[in-house]
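# Tertiary structure, described
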Amino acid sequence: MRSLSRRTVVIGAVLLVVVVAVVVVLVVRATAGPSSPGDVTFAAGGATATVGASQFCDVQVTECGDDPEANAVLRVPPNTPLTVTVPEEVVSTPWQLAFTFRDPAGAIQQGRSPVFAPGTTPSFTLVLPVATDQLESAEVQQYGARISQGPNGLEFATRSTWVLSVDDR
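Turning our eyes to something else, we now look at the pattern of salt bridges. Counting across every chain of the model gives one salt bridge. Close ionic contact of Arg102 with Glu136 constitutes a salt bridge, the shortest N to O distance being 2.6 Å. Taken as a pair, Arg102 in strand 7 (residues 95-102) and Glu136 in strand 10 (residues 134-150) lie far apart in primary sequence, 34 residues in all. Take Glu136: its relative accessible area is 25%, and that puts it in the partly exposed class.

Here it is as structure tokens:
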């Protein structure tokens, strides 16, 4: 039986290390879960805040991750439009802006933009109903592929969310 040369043993060892490294990377990627689909930018009165998703799931909304620290804060005075710009990963799916505001009587109201169809728009400008309304919060909602029957009809699962808290000082 012929003995292996030192060079052959070294090459074999290096190949084994490379194969093990590739397998580890593939296993980590397969089990890491979904990643954030990018950042959303909120802009008002010349100031901007950019934030990553606070919650993000795969397209079927079965595997999810979150970032509890992902929360933008921006000053939005009354009668100031809020412009929201989403990344391509969101533009290519249905999305919507949900928001809360305080009306002139001080009551908290809720609202929603239209649902934007895939590929239609990367931004939306929110103007509240009355000039003295005060925006409280805004949340971009990216919809996933999972649909269920709810009490009010079909319900689309929210795949990812980006949150803005308004500083009204």
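Let's shift gears to the side chain of Ser160. Within the element layout of this structure, Ser160 appears in strand 11 (residues 153-167). Residues in contact with Ser160, not counting those within four places in the same chain, are Pro37, Gln55, Phe56, Cys57, Val140, Gln141 and Gln142.

All right, on to the packing of aromatic side chains then. Inspection of every chain in the model, using the stated rule, returns three aromatic pairs. Between Trp95 and Phe116, the aromatic rings sit 4.6 Å apart at their centres with planes inclined by 40°, giving tilted as the arrangement. Of the two residues, Trp95 is situated in strand 7 and Phe116 in the loop between strand 8 (108-112) and strand 9 (123-126); the sequence distance between them amounts to 21 residues. Assessed through its relative accessible area of 12%, Phe116 is described here as buried. Each residue in the set Trp95, Phe116 and Phe124 is aromatic and connected to the rest through ring pairs, giving one cluster.

Further remarks concern the state of the cysteines. Inspection of every chain in the model, using the stated rule, returns one disulfide. Each sulfur of the disulfide joining Cys57 and Cys64 lies 1.9 Å from the other. Taking the torsion about the S-S bond as the criterion, the Cys57 to Cys64 disulfide, at about 105°, is right-handed. Classification of Cys57 by relative accessible area gives buried; the value is 4%.

Pairing within the open sheet is antiparallel, and its four strands lie in the order 2-1-6-9. Taken across any chain shown, the strands that pair with only one partner, and hence form the sheet edges, are strand 2 (47-52) and strand 9. Neighbour to neighbour, the strand axes of the sheet diverge by 20° on average, direction disregarded. Strand direction decides the pairing type here: strand 6 (residues 82-85) and strand 9, joined by four bridges, are antiparallel. Along strand 9, the bridge assignment pairs Val84 with Phe124.

Thresholds, definitions, all that
Residues numbered from 1 in each chain as written. Predicted model: local features only at pLDDT ≥ 70, side-chain atom pairs only at ≥ 80, totals over all residues. Heavy atoms only, no water. Salt bridge = Lys/Arg side-chain N within 4 Å of Asp/Glu carboxyl O. Helix = DSSP H or I, 4+ residues; strand = E, 2+ residues; numbered from the N terminus. Buried < 20%, exposed > 50% of the residue type's maximum accessible area, 1.4 Å probe, protein only. Contact = heavy atoms within 4.5 Å. Phe/Tyr/Trp six-rings, centres within 6.5 Å; stacked < 30°, edge-to-face > 60°. Disulfide = S-S within 2.5 Å. Pairing = 2+ DSSP bridges. Axes fitted to C-alpha atoms, helices over the stretch in contact; angles between N-to-C directions.

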